[in-house]
Amino acid sequence: MAYQIPNFPDMEYVDRKKRGLTIQVYYREIFRGVWITTKHFFRNLWKWLTFRKGGVVILYPEETRADMSPNNRGRHILVQRSNGQPRCVACKMCATICPAQCITIEAEESEDPKIQKRPQVFEIDLSHCIFCGFCVEACPVDAIRMLPETSELVGYDRFRMVYDKEKLLSWHPTVSDDVVHGYNPNA
Amino acid sequence: MKEVTLTVDGKKITVPAGTLLIDACEQNGIYIPRFCYHKHLFPSGNCRMCLVTIEKNPKPQPSCMTPVADGMVVHTNTPEVAEIRKAVLEFILINHPLDCPICDKAGECMLQDQYMEFSGDKSRFNETKVAKEKLYHFGEKIVYDAERCILCSRCVRITREVSKTNKLGILERGDRSYVALAHGDTLDDDPYAYCVTDNCPVGALTPTYFRFKERVWYLHKTPSVCAGCSRGCNIWIETKDNVIYRVRPRENDAVNKSWMCDFGREYYIYPPKNRAAGVKINHRAVDYGKFVSEVASLLKEHTKETAFVLSAYATNEELTLAKQLTEHLGIKGIFHKKDRVWQESTGEIREDDILIKEDKTPNMAGVKNAFPDAKDINDMVISDFKYAVVWGPGAPLDKVSGLELIVISAMVDQVWDKAKYNLAGRISAEKHGSFTNFEGITQDFRRAIKGENNYDELTFFVDLLKELGVKPIGRTVQEIQNAK
Amino acid sequence: MEANFLGINMVNFWTYFILAGGIFVFMFMMGAVMSWSERKQSAVLQDRIGANRASIPLPFGKKFAMWGFINNLADAIKCLIKEDFKPKVYDKLMYNLAIFFAFIPAVLAVAVIPFAGIVKPAEFFNVSYLKWIPYLPEYFAKNLPDYSFKVQVADLNVGLLFIFAIGGISVFGAILAGWSSNNKFSMMGALRAASQMISYEVSMGLSLLGLIFIFQTVNVWDIVQAQNELAWGWLPKWGVFMQPLAMFIFLAAAVAENKRMPFDLPEAESEIISGYFTEYSGFKMLLFMFAEFIEIVFVAIMLTTFFFGGYTVPYMAADGFYFPWGTYVHLSHATVVILQLISFHVKVFFFAWLLQQARWSLPRFRYDQLMQLGWRILLPLAIANLIITVIIVALGGL
């Protein structure tokens, strides 16, 4: 039964049913709740006892999620030049756009006067990263990309989640053309 | 002076006769884009970016080369002018390499800004761009990138008109043109060389000390006054994370126009190695409060025997408090000194008739204003005193015996090592206050970086006065300035 | 062996020494099992996996994880080597004493609980399937042919009152811990714990009074024995059949005494961190947790003993089964004792499991609901139950 409140057309009083004894003593509801969990308990227990997995969760790292989207981009890489050096010119566009401010770059003079500038330090603090992909979009030379993988973000301290230049360059392409030649957005 | 009235975009403006049209427009709030024109340089009119249409004139005119005339009707926002600007930008960008990612100028580049504001077109240029020298050292200070250069000739005019060394010139013709020095010459001995990098509209000339150090949009600009000499050039101190990355002149027609010398920049960029730190009594670190109370009681007891040596690096506000202190205590022996640090470290006396002054202290005029009776330290009769409060570096007291020294200084020198009481002070980049330059112009400056393990002299004097039971004139720079 | 040493019967001494030790070890093992089931049972009923990582490395790349049981070991080691963090200002004596007030009553009260019936060692070993045991059968047959004992540490006449007396001490643990920690959260938790435990003790006591009236005794041994009798010739006189309402009241009150979900207001994490043991760390905190687990077992033991016939098996007497339809199955003495032990343990395990199951299924009560339930529902019900019981007993119904 509901009553309209004068002057407040959107609001109404609701008369809840008075709680009877069966609810007041709680036991019925408790047994109903326990019954549900007990069903789960014995079903899962039976699965475990018959050498099957009795849980819906994933035993990481033995198992990994198979239902990861193909659009998932979870790992940063630095694209290499043909000599293995990063293509990055340390322009700090990614560091500037990064909403989590997790990219640290320090530039240095390159030996090659055609390249001039290259990163001396390139670190992504993946414990801060929010995987928005802005860095990939901001990069003017297509030097940073994100792969459809998950970065194995585990470590005993947060400093292990800082990926440095070597780690970011450690990804080796299967199709070398893809990396050596730039990605042309107009093509 | 005769005044003329003209119409710009339907707005009637009145300016003195002889003013250039570009200045007349800018004074009245109409910005005309430009590359080669600079307020403090002779116009050259080669970039054509400032073309405007003037009625009854068959062709668009460069506003930087056109003096105003009575009854002139000028249009700067017509579609025709916009088309001209687009065309000029497209022409300039034909051979511009667009290496903004590695260009230190990116972010404050006039070409970037004006392209974004006045053009925004895509390139139609399919041919190969002209390749030129990418990395050419004009000595140790300046790096020249010929590809980025738009040949505005500002740098050439700066060496011609400001530093008067005539070192730079433009060689070759057409798209082969480039800025060059005489064979074998460098810009290292030009004391205004860094001005060409500040005023280069693109990233063609960049200073080596700032090369690839930081992108300009990360820098925090603090208005300050150069403490390198008594000229008091207005500067921007550009910092990030408490580190000075760059120093650039701040425009002030009365003092330094748009220029400053390289020594002034190096004064800030390469911080001195002999910075003082901590607070000590008998060469042992003590609590700051203890230091204040000991110095206060010492000054109270030995007022007659104490000499007070002023620092010409002190701000006017600190000098005000120092004056209050000496007047309260009745200290008679007040001296000023020319700090010798600069001269000693460089081994030469630098002076020219452009900006650089022989007096390397920033606030000698302020000292003389605050303490007209102060005598030169060289006239000091040592035997009259037992104690000396030495403020600032460079006092010639290191060879003197029989004086207990209380040194408040930002620098370590012989006097600092000899002193019984030491308090590390701050350099002007770490302070807030004002300097009075040799012409008597008082200029405020702000604190750009935080001092590490040193103490603001202003706070020290406030604490000292409180310890002596006196209400200081003010506790902050603002309060002192308001009280004056 | 009629050895008397300083007036002590050494046979009795060794019997009860071993018995007490065994029960002590049993309670500790059950505490460990409970802390394991807290993890693993909750995981299984929530479709998770639960603790399975802590393991002892074996050769050939194998790992000995024992379904997460090794986690307890890791926990204990971790708590031992952890920093013993204490508040800056605290009452040192009370702070340390509180642990024992919380921990000891839980173990002590088991002393009056019978785990099985009377054992006659000489007869016990005289069974075919125990012949393999060396030395002991000959020893008992030769030296102590008539010796017998109850599998109960202390056969007190006031057994039930003893349990309540000891149980009443455990409230001191909470109060002292909360007060001596010098922490507002601890204090709040202690106040909650004290008021909750005292409130529910009333209902718990009243719910058991009915049984005392029916069985006319407070001796726990006698109560268990009485439950093995049959009413109307077929129904075992278990407390649950005699006093079904009292069983539910007792269950609710005992869980509340134990401060477990859904009555874990004294340790409500979202409100007062860890309640009265917020400021305890390392092994001291572990002891508080352990006391809680042992108390679960003790609640299960109480339920078994007072409402589910204790160690007794329905229709089973000391020499075999006497079924209501007249069948008699003879059982040897050893078989009977073993069946009794199994019966007791199965019941205890079941109730411990049930309590854990309820703990992981139910949300927490609000504090006013908790007090409402205690004083306005359980207490009147318990009193009504008692009055009806008294009337029926007085009329000679039972």
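The structure we're discussing is the one just above.
Owing to the predicted nature of the structure, the values given are computational and were not obtained by experimental measurement.

> Give me the lowdown on the interface of chain A and chain C, citing residues and values where you can.
Many authors give the size of an interface as the accessible area that is lost as the parts come together. Contacts between chain A and chain C engage 25 residues on the former and 20 residues on the latter. When chain A packs against chain C, the two sides together hide about 2,000 Å² of surface, and 70% of this comes from carbon and sulfur. The three residues of chain A that bury the most area against chain C are Tyr26(A), Tyr27(A) and Phe41(A), which together make up 28% of that side's buried surface. The tally of links between chain A and chain C comes to 1 salt bridge. A salt bridge links Asp47(C) to Arg43(A); the shortest N-O distance between them is 3.5 Å. At the boundary of chain A and chain C, one finds 7 residue pairs in polar contact (both at pLDDT 80 or more).

> Describe in detail the pattern of salt bridges, supporting the description with residues and values.
A complete count under the given rule lists 47 salt bridges over all chains for this structure. Put simply, Asp262(B) and Lys141(B) hold a salt bridge, and the shortest N to O gap is 2.5 Å. Placement of the pair is Asp262(B) in helix H6 (residues 262–269) and Lys141(B) in the loop between strand S6 (136–138) and strand S7 (142–144), with a sequence separation of 121 residues. In this structure, Asp262(B) and Lys141(B) share a single accessibility class: buried. Of the charged contacts in the structure, one is a salt bridge between Asp75(C) and Arg39(C), with a shortest N-O distance of 2.1 Å. Within this pair, whereas Asp75(C) is found in helix H2 (residues 70–81), its partner Arg39(C) is found in helix H1 (residues 10–45), the two being separated by 36 residues in sequence. Classification of Arg39(C) as partly exposed rests on a relative accessible area of 28%.

> Quick one: what's the story with the pairing of strand S2 (residues 11–16) of chain B, residue by residue and with numbers?
Residues and elements named next belong to chain B. Taken together, the 6 bridges between strand S1 (residues 3–8) and S2 define a ladder with antiparallel strand orientation. Within S2, the residue paired with Thr7 across the bridge is Lys12. Here S1 hands over to S2 after 2 residues, with Asp9 in that stretch at a positive phi of 50°.

> Could you give an account of the environment of Leu89(B), naming the residues involved and the relevant values?
Residues and elements named next belong to chain B. When you line up the elements, Leu89 lands in helix H2 (residues 79–94). C-alpha separation for the pair Leu89 and Asp121, spaced 32 residues apart in sequence, amounts to 9.3 Å. The residues touching Leu89, leaving out its near neighbours within four places in the chain, are Phe35, Met49, Leu111, Gln114, Tyr115, Phe118 and Ser119.

> Help me get a handle on the interface of chain B and chain A, residues and values and all.
Each partner contributes residues to the interface: chain B has 14 residues there, and chain A has 15 residues. Both sides of the chain B and chain A interface together cover about 1,200 Å² of buried area, and 57% of this is carbon and sulfur. Looking at the side of chain B facing chain A, the largest losses of area belong to Pro101(B), Ile102(B) and Phe212(B), adding up to 45% of the total buried there. There are 2 salt bridges connecting chain B and chain A.

Conventions adopted
- Residues numbered from 1 in each chain as written.
- Chains lettered and ligands numbered in written order.
- Predicted model: local features only at pLDDT ≥ 70, side-chain atom pairs only at ≥ 80, totals over all residues.
- Heavy atoms only, no water.
- Contact = heavy atoms within 4.5 Å.
- Buried area = accessible area lost by both parts, 1.4 Å probe.
- Salt bridge = Lys/Arg side-chain N within 4 Å of Asp/Glu carboxyl O.
- Polar contact = N/O pair within 3.5 Å; in protein donor to acceptor, adjacent residues only side chain to side chain.
- Helix = DSSP H or I, 4+ residues; strand = E, 2+ residues; numbered from the N terminus.
- Buried < 20%, exposed > 50% of the residue type's maximum accessible area, 1.4 Å probe, protein only.
- Pairing = 2+ DSSP bridges.

The quantities given are spatial measurements derived from coordinates; they are silent on function.
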